[in-house]
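Here's the letter readout for the chains.
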Amino acid sequence: LAAVLPLLVPASAAGARAKEPWPPIPKRGLFFTHYGEEHIDDADGIRILPRVVRDTARYRPDVVTMSADKASDNSVENLSAWKQVMTPYDRRGIPYYAAVGNHDRSPEGTEGVGSAFGGGSIENYMQIFADRPYPFGDGPPVRARGFAPTRRPATDPPGASTHYALEVGPARFIFLDNSCFSFINCDPYQNPPLGDGEGAESQLDFMRSQALLANRSKQLAFVVMHMPTRDPRPGHTQPTPGPHTMGEGSSPENETFEEAAFAGGIDGVFAGHIKGQWIYSAQNVGYFID
């Protein structure tokens, strides 16, 4: 995989035009882009997000992953606008896949303020992204370099998925949905459904099974989800002075997930929810925010 490292340039060369792009485009391996907190309808969203898409598309990554919150709510207008901004990826044949955020579950006008705790509506989301390639949506799976051959099973229900996994080269990406401020609250609202009653699979079970497949195939296993397990900001600065994690710091699943990720051999977790770029480690697993 490609790692993006800081480039130190001598002062005398700082004004010179770069002859090679930065980050460097790797000649082999897997080159992927990740970001989150897209919020297309924020005051600066329509200025920033299209530029992020255009700039990252220039490097033609093998895959783009996003940790969610496409807008302030899941109105058809906002989700459609987000999808339209992503078209440069489609034009260049760059596959992109997204997780579900709490604002993606928030009905129009609610702006995510507690509206996803009880599950939150996902109907608009499922319909608007149903045409995306499987396993994100119901469309034909991507046939591109490094993508494992896959076929949408006949049992897959219609509509975009809220949790899924895909194989790209040496990595398996496992998308989970903790947009209800915990997995246990989100599990009953999944597409495809996880089942009911005693013995039903949970999303953590899904992660464990996918991590096992990755380990058997000698792949790296990455999780993409919206809410992190810890808030590494010094002092939990405004506008969210409390821990901005699952349950706003109160969910026991923060620790449960960290233990499951370590036990399953997860190599990295990519999250959003907190505005900013932060890195922390939990039980020797790296967590990357935005």
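The structure we're discussing is the one just above.
Here's a quick rundown of the structure.

## Comments concerning the overall build of the chain
When you go through the chain residue by residue, the secondary structure sums to seven helices and nine strands. Restricting to contacts in the chain with at least 6 residues of sequence separation, those with at least 24 account for 69%. Accessible area of the chain: about 14,100 Å², with a carbon and sulfur share of 54%.

## Digging into the environment of Thr110
When you line up the elements, Thr110 lands in the loop between strand S3 (96–98) and helix H4 (123–128). It is 9.2 Å that separates the C-alpha atoms of Thr110 and Asn74, two residues lying 36 residues apart in sequence. A distance of 2.7 Å separates a polar side-chain atom of Thr110 from the backbone oxygen of Pro107.

## Some details on the pairing of strand S7 (residues 268–271)
Residues in a regular strand project their side chains so that they alternate between the two faces of the sheet. Residues Gly268 and Phe270 point to one face of S7 and Val269 and Ala271 to the other, with burial holding for every one of them. Taken together, the three bridges between strand S6 (residues 220–224) and S7 define a ladder with parallel strand orientation. Counted as the bridge partner of Val223 is Val269 from S7. Pairing analysis gives four bridges linking S7 to strand S9 (residues 285–289), with the strands arranged parallel. Bridge pairing in S9 places Phe270 opposite Phe288.

## A word on the sheet that holds S9
Read from one edge of the open sheet, six strands run S4-S5-S6-S7-S9-S8, paired in mixed fashion. The open sheet is flanked by strand S4 (164–168) and strand S8 (278–282), the only strands paired with a single partner. Mean inter-strand twist for the sheet, computed between neighbouring axes without regard to direction, equals 20°. Where S8 lies against S9, five bridges are found, and the strand directions are antiparallel. Note on S9: the bridge partner recorded for Tyr280 is Tyr287. Strands in contact with helix H6 (residues 203–216) are S4, strand S5 (171–175) and S6; relative to S5, the strand with the most contacts, it is inclined by about 175°. The sheet strands contacting helix H7 (residues 253–264) are S6, S7, S8 and S9, and the helix crosses S9 at an angle near 125°.

The rules we used
Residues numbered from 1 in each chain as written. Predicted model: local features only at pLDDT ≥ 70, side-chain atom pairs only at ≥ 80, totals over all residues. Heavy atoms only, no water. Helix = DSSP H or I, 4+ residues; strand = E, 2+ residues; numbered from the N terminus. Contact = heavy atoms within 4.5 Å. Areas by Shrake-Rupley, 256 points an atom, 1.4 Å probe, with all protein chains shown as cover. Polar contact = N/O pair within 3.5 Å; in protein donor to acceptor, adjacent residues only side chain to side chain. Buried < 20%, exposed > 50% of the residue type's maximum accessible area, 1.4 Å probe, protein only. Pairing = 2+ DSSP bridges. Axes fitted to C-alpha atoms, helices over the stretch in contact; angles between N-to-C directions.

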